[in-house]
Number of protein chains: 4
Amino acid sequence: MTKIQAAIVGASGYSGEELVRLLLRHPNCELKIITSRQHDGQHIEEVFPRFAGHNLKFSAPDVKRIAAECDVAFLALPHGLAAEFAKPLVEAGVVAIDISADFRIKNTAKYKEYYKTDHPAPDMLARAVYGLPERYRKQIAQADLIACPGCYPTSSILPTAPLLAAKLALPEDIIISSMSGVTGAGRKVDLAYLFPECNESLRAYAPVKHRHLPEIEQELAAAAGMPEVAINFVPHLVPVNRGINSTIFLKVAPGCTLDKITAAYHDAYAAEPFVRVLAPGKQADTKYVIMTNVCEISYTLDEHTGRVIATSAIDNLTKGASGQAVQCMNIRFGNCETDGLL
Amino acid sequence: MTKIQAAIVGASGYSGEELVRLLLRHPNCELKIITSRQHDGQHIEEVFPRFAGHNLKFSAPDVKRIAAECDVAFLALPHGLAAEFAKPLVEAGVVAIDISADFRIKNTAKYKEYYKTDHPAPDMLARAVYGLPERYRKQIAQADLIACPGCYPTSSILPTAPLLAAKLALPEDIIISSMSGVTGAGRKVDLAYLFPECNESLRAYAPVKHRHLPEIEQELAAAAGMPEVAINFVPHLVPVNRGINSTIFLKVAPGCTLDKITAAYHDAYAAEPFVRVLAPGKQADTKYVIMTNVCEISYTLDEHTGRVIATSAIDNLTKGASGQAVQCMNIRFGNCETDGLL
Amino acid sequence: MTKIQAAIVGASGYSGEELVRLLLRHPNCELKIITSRQHDGQHIEEVFPRFAGHNLKFSAPDVKRIAAECDVAFLALPHGLAAEFAKPLVEAGVVAIDISADFRIKNTAKYKEYYKTDHPAPDMLARAVYGLPERYRKQIAQADLIACPGCYPTSSILPTAPLLAAKLALPEDIIISSMSGVTGAGRKVDLAYLFPECNESLRAYAPVKHRHLPEIEQELAAAAGMPEVAINFVPHLVPVNRGINSTIFLKVAPGCTLDKITAAYHDAYAAEPFVRVLAPGKQADTKYVIMTNVCEISYTLDEHTGRVIATSAIDNLTKGASGQAVQCMNIRFGNCETDGLL
Amino acid sequence: MTKIQAAIVGASGYSGEELVRLLLRHPNCELKIITSRQHDGQHIEEVFPRFAGHNLKFSAPDVKRIAAECDVAFLALPHGLAAEFAKPLVEAGVVAIDISADFRIKNTAKYKEYYKTDHPAPDMLARAVYGLPERYRKQIAQADLIACPGCYPTSSILPTAPLLAAKLALPEDIIISSMSGVTGAGRKVDLAYLFPECNESLRAYAPVKHRHLPEIEQELAAAAGMPEVAINFVPHLVPVNRGINSTIFLKVAPGCTLDKITAAYHDAYAAEPFVRVLAPGKQADTKYVIMTNVCEISYTLDEHTGRVIATSAIDNLTKGASGQAVQCMNIRFGNCETDGLL
C-alpha cells in the first residue's frame, strides 16, 4: 500500500509542530512538505530541535507543488489566510484539513461578527465538513474540505451534545467554564505569555464573545435540534503547557436521571476510540490525556440545583487540533482511525 | 501602647505559617505562643526555615497558658478540634479568631450534613461572627469569637453579594466555577498532592457538596434577603502554589444595566482597603494579589444571555485565611485595619 | 513472528507506568503480566486512568507464572527486592531487565557503603551487564541479566565517557551538577515532594554520597581505563515533572582542541539512534527530549580555564529508566533497536 | 525625621517593579518619581495592577526634576544607559544606586570585552562602590554612586568569599553552577521566554563568558587577595518565577576542616541581618528566601575529592537586585539596615 503523501502549510507554530510529531510517527502517511515563509530554506531542526535526524526543510508555500506531490494538506495557518490556500488546493484535488477557524462557522454574518472581516471564501463553505469525528464521521469520510473544530469547542461539544440530543438537558441554559494551557495562545511573542506573566497566575479572558463561542453555539444548537442557542463561555488561562479542562453546567430536562445520562453517554461513546467516559465519582484530568488524542468526560447530577455538571479534559494541541486532524485524515483515507495516534 | 499578645493554635500548616509570617511583621502585635503537638519543643526554624532568627518554639497547646499570656488566639486547626479550643479560650476572656469551619455555618444540621459529625459546640454559635469585614465589620469589632470565612467563600461572596443586595441579579440561578492553588489542600501528605500529580494537571473535584458550599449559600442568601439559595459551586485544582480565581455566572434581574452594576460595586467597595474593583475590560488575576490581602474583582455584562460574569482573585492563604484573620484582629482591637497587611 | 511476551514486576511507580506506556505501543512485544502487591486484583485503569481500555490487571508477583508465560521481565522494584526476583527469573530462563540499582555496581563493598545493606545476590553480579547500549551493546545482546543505569548516571556518562576514552579530558577532576524533575524521586508520598514544597523551589540534595555516585565513578573509571576515579556529583530538585539536565566540568588534557572534542563525539555517537550531539553554540534542553528516548549533548571549550563544559538532557523516566530498558530488550531480542521508541 | 525622597529611573521592568513594591512599604522613604519613556503619563496601575491605589504616575526621566526633588535615585536601566544618568545625578548631589552593570567592573577593558562597547563613563568608576553590604558596608555608607551586584554574583560571592579570605579554599579552581528563575531574563518579550518555551524545560545558557563572570572574578580575586582568578560559571534557566540557586565547587586548601569552614562562615555572617548560614546537612532552598532579602548558604565538605560544596539561595529580584539596593540606601542614609525589608 502506498502511503498518503502529506503537506503541512504553516508548520512553525505549536499546532504545526504537533502535526509534524504525529505524522512522522504515522505508519501510513509520509510527510513530504512543510511550509513557512519565515523559515523558508531552514532545516526543521533549526526551528524544532526535537526533529533532528529527519530530512525535512521548510519551504515557502506553493500550491502547485503541493498539488503535484500530495494527497492531503493540513492548514495550520491564521484564519483568513487558511481559506486562501484551501480553495486552490481543493480545486486541484488535494484534501484540505484546516485547523484554522475559516470553515467552521456556517453563518458568514457570525464569522464577520467574531472575526471582524468578511469571510474569505464563502463559496467553499457548503463543501466544508466540521471535523469532529464523533459527530460527523460519515461526512468526513467523503469530504474534500474538513474544518477541524477549535480546542475549546471540542472540549465543550463532546460532553454536552449527547445530553442535548437525548433531550436530557435544556438548551436554554448552558454555561461553560474552561481552563487552557498556554500553548492554546499559539507561539505568539507577546508580553502576556511570558513565563513570569503566566506562571503562578490564574485569569479569565474574553468572558464574552470569545471567537470559539459561535462555533460552540452552532454545534450545540444542531445537537439540540434548534436553530440557535445562546451560551455563556468563559475561558481561563492557567500555567500548564498543554491541556483544556471544561466544566459545563446544564439544567436538566424533566425526567432526567443519572441513569439516563449514563446511558446517553454510553450510546454516544462506547464505541469511540478517543472518548473515555469516566465512572461516576471520578473527575476528568488533563494529565491523563496530555500527548494523547483522548477526550475524558466525567459527570455528576446535582439534585439540589437540578443541574448536570459535565467535565472534560483534552490535550488542546492533540484532540483539540492536530490529533483530531490526523484522525480526520485516517477516516477520509480509509485508514484505521487510530493509526499514528496510540 | 502595649502590643496585642497573640497565640496561634495549630501553627504547622500552611495557614499557620502564613499567620506567623504576617504577625512577625505586624507593628502592634507580638506573637507569643505557637502550638503544635507534633512539633512540641522544636524551634520554629526546624519546621519553617524561613523564620530562622526569630525566637519562637512550638509548644503543646495549653489553654491556661494562652489565657494567662495572650489577648487573642488564632485557631488554625482542623474543624471539630477548633471548637474544643474556642470554647474555653473565649470563656477565659481570650478573643478567638478561628480559621477552621467550626463556627461559620449557623445551621447545625447543615454542619452535620457536610462535616459528617455533630457540631462540637452549638452553644457557642450564637456568639460567633462571620469574619468577613466587608460584610460584618461592626459585629467583628465587638466579637469574642470570629469565624473567618473559607477561601472559596471569600472569593465567591465578595463579588456576588453586592449584586444580590442591590437586586441586580437573581438569587435562583448562581453558578460558581473556581480554581485553587495546591496550598488550598493544606499541608497534607497525600498522593494526590505530589508535585507530579498536580503539575501539568487541571481537574475538578467535589463538584457537588463541597464543604464550602453551605457557607456560600448561607451568606448569599443573607445578601439576597432570602431564607435559602441553592448554588452550583465547582472547585478545580490547578498547578499554582497560592491563589483562587472564581468566575461567577449570575442571571440579571429586570432593569439591570452595566452602570447599575458598576454603581453597586462602587457603593460596596470604594472605601474598602482590600477590595480592588477593576475597570471594565480588565480581568482579575491571581498574580496581582498573591502575598497580599487584596481581593480583585472584575465583571462583564453578557447581553446575549442576560448574565453578569464576575471574576475574583485572592490569595487563598492571605485574604482567604490568615490575612483576613489579621484584618479581623485589627478591627477587633482598634488598630488601623491595614496594620501589618501592606 | 511471535511477539516477545513481557512482564513488569512492580508496575505501580512512575517507571513502571512509563514501561507500561512504552510496551503497550510496542509493535513486537506483548505485555502479559503487571505485578503489584498493593494493587493485586485491580484493573490497571484504577491506578493509571490513562490506560483505560487496555485489558490488564495487577497481580501479586509470581515467578513461576512469569517463567511460564514470559520471555522477559522488567524489574521496577526497590533495590534489594529486585535481586530477589532477578535470581529465580534468570535461573528459570527469563531475561531480567532490572531498572533498580541492584546489579549496576560491581563492587559489593561499594554497594554496601551506599545502600547500607549487604548485596542481596552477589553470585549474580558476574552475569549482569550494564544496560547502557551506547557503551555495552554487544554484551547486552547476549545478556540474561541487564542492569539498566540510573537516570543521573545515564545523563552523566554519555557526555563524559567519549572524552575520557579519547584522553581529551583528565579523569582526576570531574564535576557534575545535575537538575532533576520530581518524578525522579519516585511516586513517594512524602512532605518534601508535595506540590507546594517543590513548586517555586530550587534546591540541592545529597551533595555528597548520592547513591548514583559509585555507578558514575565505576563507569567513568572504565571509560578512562583507570581502576578508580573520584567525582563530585551534586543533584538538584527543580519543579518539572520529567527531565534531567547535567552539566559536566572537565579539565582538558594537553593537546585537547574543540575539533578533537567534536570528533570524539562524532565517533562515539554519529551512528547512535538515541544520542543527539548539538552543534556548537546550542545547549541541550530537556523540553526537546521529554517523552522520548533521546539524550541531547552540547559542549563548549572554555579556553580561559581550560575546561570543557558538556551538558546533557534526557527524560529521566525514558532514556533514564524505562525507555532505555526497552532499548535493551530490543537489542537482546534482535528487534530493530528503535522499535516502540520513536 | 523627614523621609528620604526617592526616584526610580526605569521602573517598568521586573527589578523596577520590585523596587516600587519595597519602597511603597518602606517606613522612612517616600517614592516621588518613577520614570519610563514608554509609559510616560500612565498611572502605575496601568502597568502594574498590583499598585492600584497608589498615587504614582510614570514620567519621562528628567535629571533636573530628580535633582530638585530627590535624595536618591535608583537606576533600573539597561547597561550603558544607566551611566548616562548616573553622572549628572551624582554631580547634582543625588545619591545614585545603580542596579545595572555599568559601575560594577573596575577594569574598562573587561567591560568592553563583555559588554561590547566602550565604558560610557570611565571617570565615574573610581567613585563607585560595589553595593554588596556584607563586603563593603563602610564604603557604601559614604558613597554617592553605588553599583549593586548582579544577581548571580550576589549568589556566588557570598558563599565563596569567606572561604577564600580565610585561605580555606584555593582560588585556582572555582566552579559555579547556577539556576535562575525566568524573571532573571528581565521583562523581555522574546520567544525564548514564552511560558511554553520555559515550562518543563531545563537548559544551560552562556556557559562561557556570561556577562556576570568578570564581576564574580573581580570580587573573588579581591577576596583571595590576588590580582586575578579564572572561574567557570554556568547559568541555567529553570521554570520558576524568582530565585537563584548557586552551587559552588571549591578545592580545599591544606589544613582545611569542616570546623574551620563553619568558623569562617560564622565570623563573616553571624551578625549579618540578611545572610542565613544553615546547619550542616541542610540545603539552601529558594522557596525559603523568595520575596525576602535573605541569602541562604549551606555547605558540605567532600572528603573523597577534597572539595567544599557550598550552595546559596536568593531571590534574584530582591537580594539579587532591588532589595539589596534598598539595603544599600538604608546604609547610606543612616537608617536601620533592615528598614522596609522584613
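Residues numbered from 1 in each chain as written. Chains lettered and ligands numbered in written order. Predicted model: local features only at pLDDT ≥ 70, side-chain atom pairs only at ≥ 80, totals over all residues.

Observations concerning the overall build of chain A
Okay, so step 1: Looking only at helices and strands, chain A features eleven helices and 14 strands.
Okay, so step 2: Its C-alpha radius of gyration of 20 Å places chain A within 12% of the 20 Å reference for a compact globule of 342 residues.
Okay, so step 3: Overall size of chain A, expressed as C-alpha extent along the three principal axes, is 60 × 45 × 40 Å.
Okay, so step 4: In chain A, which comprises 342 residues, the proportion classed as buried is 61%.
Okay, so step 5: Long-range pairs, those at least 24 residues apart, make up 69% of the contacts in chain A between residues at least 6 apart in sequence. (Helix = DSSP H or I, 4+ residues; strand = E, 2+ residues; numbered from the N terminus. Rg over C-alpha atoms; globule rule 2.2 N^0.38 Å. Buried ≥ 20, exposed ≤ 12 C-beta atoms within 10 Å, placed from the backbone. Contact = placed C-beta atoms within 7 Å.)

Side note on the relation of the copies chain A and chain D
Okay, so step 1: For the match of chain A to chain D, the screw axis carries a shift of 0.0 Å, the RMSD comes to 0.0 Å, and the turn is 180°. In short, the pair behaves as if placed about a two-fold rotation axis.
Okay, so step 2: A symmetric contact is evident, with 100% of the interface residues of chain A recurring at the interface of chain D. (Least-squares fit on C-alpha atoms with pLDDT ≥ 70 in both.)

What to know about the sheet that holds strand β11 (residues 244-252) of chain D
Residues and elements named next belong to chain D.
Okay, so step 1: Spatially, β9-β10-β8-β11-β14-β13-β12 is the arrangement adopted by the seven strands of the open sheet, whose pairing is mixed. Lying at the two open borders of the sheet, with one neighbouring strand each, are β9 (203-204) and β12 (275-277).
Okay, so step 2: Strands in contact with helix α7 (residues 151-165) are β8 (169-180), β10 (231-237), β11, β12, β13 (295-302) and β14 (307-314); relative to β11, the strand with the most contacts, it is inclined by about 30°. (Pairing = 2+ DSSP bridges. Axes fitted to C-alpha atoms, helices over the stretch in contact; angles between N-to-C directions.)

Details of the interface of chain B and chain A
Okay, so step 1: With 38 residues of chain B at the interface, the matching set in chain A holds 38 residues.
Okay, so step 2: Taken together, the residues of the side of chain B that touches chain A break down into 18 nonpolar, 14 polar and six charged. (Nonpolar A, V, L, I, M, F, W, Y, C, P; charged D, E, K, R; others polar.)

A short note on the environment of Lys-167 of chain B
Residue and element names in this part refer to chain B.
Okay, so step 1: Looking at the secondary structure, you find Lys-167 in the loop between α7 (151-165) and β8 (169-180).
Okay, so step 2: Judged by C-beta crowding, with 16 C-beta atoms within 10 Å, Lys-167 ranks as partly exposed.
Okay, so step 3: Put simply, Lys-167 and Pro-254 are 87 residues apart on the chain and 9.1 Å apart in space, counted from C-alpha to C-alpha.

Structural notes on the interface of chain A and chain D
Okay, so step 1: Contacts between chain A and chain D engage 15 residues on the former and 15 residues on the latter.
Okay, so step 2: If one sorts the elements of the side of chain A that touches chain D by residue count, helix α8 (residues 195-198) of chain A sits on top with three residues.
Okay, so step 3: Its residues placed into classes, the side of chain A that touches chain D shows ten nonpolar, three polar and two charged.

Details of the sheet that holds strand β8 (residues 169-180) of chain A
All names here are of chain A.
Okay, so step 1: Spatial strand order, β9-β10-β8-β11-β14-β13-β12: seven strands in an open sheet with mixed pairing. Across the chains shown, the open sheet's two edge strands, defined by having one partner strand only, are β9 (203-204) and β12 (275-277).
Okay, so step 2: Of the strand pairs in this sheet, strand β13 (residues 295-302) and strand β14 (residues 307-314) are connected by seven bridges, and their pairing is antiparallel. For Ser-298, the partnering residue across the bridge sits in β14 and is Thr-311.

Re the relation of the copies chain B and chain A
Okay, so step 1: Taken as rigid bodies, chain B and chain A are interconverted by a rotation of 180° and an axial shift of 0.0 Å, the fit giving an RMSD of 0.0 Å.
Okay, so step 2: A shared interface surface links the copies, since 100% of the contact residues of chain B are contact residues in chain A too.

Quick look at the domain arrangement of chain A
Residue and element names in this part refer to chain A.
Okay, so step 1: When cut into domains, chain A gives domain 1 (4-148 + 320-332) and domain 2 (152-316).
Okay, so step 2: Once you take the C-alpha centre of each, domain 1 and domain 2 turn out to be 24 Å apart.
Okay, so step 3: Listed per partner, the contact involves 18 residues of domain 1 and 22 residues of domain 2.
Okay, so step 4: Of all the secondary structure elements, the ones that give two or more residues to the side of domain 1 that touches domain 2 are α5 (108-115), α6 (133-142) and α11 (318-332).
Okay, so step 5: Within the side of domain 1 that touches domain 2, the residues separate by chemical class into eight nonpolar, five polar and five charged. (Domains from an automatic or database assignment.)

Description of the pairing of strand β5 (residues 95-98) of chain C
Residues and elements named next belong to chain C.
Okay, so step 1: Here β5 shows no split at all, with Val-95 and Ile-97 on one side and Ala-96 and Asp-98 on the other all buried.
Okay, so step 2: Of the strand pairs in this sheet, strand β4 (residues 72-75) and β5 are connected by four bridges, and their pairing is parallel. Directly across from Ala-73, in β5, lies its bridge partner Ala-96.
Okay, so step 3: A crossover links β4 with its parallel partner β5, the connecting element being helix α4 (residues 81-91), and its sense is right-handed.
Okay, so step 4: The pairing of β5 with strand β7 (residues 145-147) spans three bridges and is parallel. Looking at the pairing, Asp-98 lines up with Ala-147 of β7. (Right-handed = clockwise from strand over helix to strand, strands pointing away.)

Observations concerning the environment of Val-129 of chain B
Residue and element names in this part refer to chain B.
Okay, so step 1: The residue Val-129 is located in strand β6 (residues 128-130) in this model.
Okay, so step 2: It is 8.3 Å that separates the C-alpha atoms of Val-129 and Cys-148, two residues lying 19 residues apart in sequence.
Okay, so step 3: Look past the residues within four positions of Val-129 in its chain and what remains in contact with it is Tyr-136, Gln-139, Ile-140, Ala-143, Ile-146 and Ala-147.

Describing the nonpolar core
Nonpolar side chains in soluble globular proteins generally cluster together in the buried interior.
Okay, so step 1: Core analysis: the biggest nonpolar cluster contains 468 residues, and Leu-75 of chain A, Phe-74 of chain B, Phe-74 of chain C together with Phe-74 and Leu-75 of chain D have the highest contact counts within it.
Okay, so step 2: Ignoring anything within four residues of it in the chain, the contact list for Leu-75 of chain D reads Val-9, Gly-10, Ala-82, Phe-85, Ala-86, Ala-96, Ile-97, Asp-98, Ile-99 and Ser-100 of chain D. (Core = buried A, V, L, I, M, F, W, Y, C linked by C-beta atoms within 7 Å.)

Comments concerning the packing of α6 of chain A against α11 of chain A
Residues and elements named next belong to chain A.
Okay, so step 1: The N-to-C vectors of α6 and α11 enclose an angle of 40°; their axes lie 9 Å apart at closest approach. Accordingly, the angle class assigned to the pair α6 and α11 is oblique. Crossing angle aside, the handedness with which α6 passes α11 is right-handed. Residues Pro-133, Arg-137, Ile-140 and Ala-141 of α6 lie in contact with α11, whose contacting residues are Gln-327, Cys-328, Ile-331 and Arg-332. (Parallel < 35°, antiparallel > 145°, perpendicular 65-115°, else oblique. Left-handed = near helix turned anticlockwise from the far one by under 90°.)

A word on the packing of helix α1 (residues 14-24) of chain B against helix α11 (residues 318-332) of chain B
All names here are of chain B.
Okay, so step 1: The N-to-C vectors of α1 and α11 enclose an angle of 40°; their axes lie 9 Å apart at closest approach. By the angle between their directions, the pair α1 and α11 is classed as oblique. As for how α1 packs across α11, the hand of that crossing is right-handed. In contact with Ser-15, Glu-18, Leu-19 and Leu-22 of α1, α11 contributes Thr-318, Ala-321, Ser-322, Gly-323, Ala-325 and Val-326.
Okay, so step 2: Of the residues in the contact of α1 with α11, the class split is five nonpolar, four polar and one charged.

Description of the pairing of β8 of chain B
Residues and elements named next belong to chain B.
Okay, so step 1: Most of β8 sits out of view: ten of its twelve residues are buried.
Okay, so step 2: The pairing of β8 with strand β11 (residues 244-252) spans eight bridges and is antiparallel. Directly across from Ser-180, in β11, lies its bridge partner Ile-244.
Okay, so step 3: Relative to strand β10 (residues 231-237), β8 runs parallel, the two being bridged by seven bridges. Bridge pairing in β10 links Ser-177 to Val-234.

Regarding the confidence of the model for chain A
Okay, so step 1: For chain A, per-residue confidence averages 97 on the pLDDT scale, and residues scoring 70 or more make up 100% of the total.
Okay, so step 2: What the predictor reports for the complex is a pTM of 0.97 with an ipTM of 0.97. (pLDDT = per-residue confidence, 0-100.)

Here's the deal with unusual backbone geometry
Okay, so step 1: Residues other than glycine seldom take positive phi values, yet Lys-209 of chain A does so here, at roughly 60°.
Okay, so step 2: With respect to the helices, strands and loops of the structure, Lys-209 of chain A is situated in the loop between β9 and α9 (213-224).
Okay, so step 3: Of note in this structure, Met-291 of chain D is not a glycine but carries a positive phi near 65°.
Okay, so step 4: Topologically, Met-291 of chain D is positioned in the loop between β12 and β13.
Okay, so step 5: We classify Met-291 of chain D as partly exposed; it has 17 C-beta atoms within 10 Å.

A closer look at helix α9 (residues 213-224) of chain B
All names here are of chain B.
Okay, so step 1: If you check α9, its first and last C-alpha atoms are 16 Å apart, about what twelve residues at 1.5 Å a residue would give, namely 16 Å.
Okay, so step 2: The element α9 is extensively covered by neighbouring structure, given that nine of its twelve residues are classed as buried.
Okay, so step 3: All buried positions along α9 are accounted for by Leu-213, Pro-214, Glu-215, Ile-216, Glu-217, Gln-218, Glu-219, Leu-220 and Ala-224.
Okay, so step 4: Elements in contact with the buried residues of α9: α5 (108-115), β6, α7, β8 and β10. (Expected span 1.5 Å × (residues − 1).)

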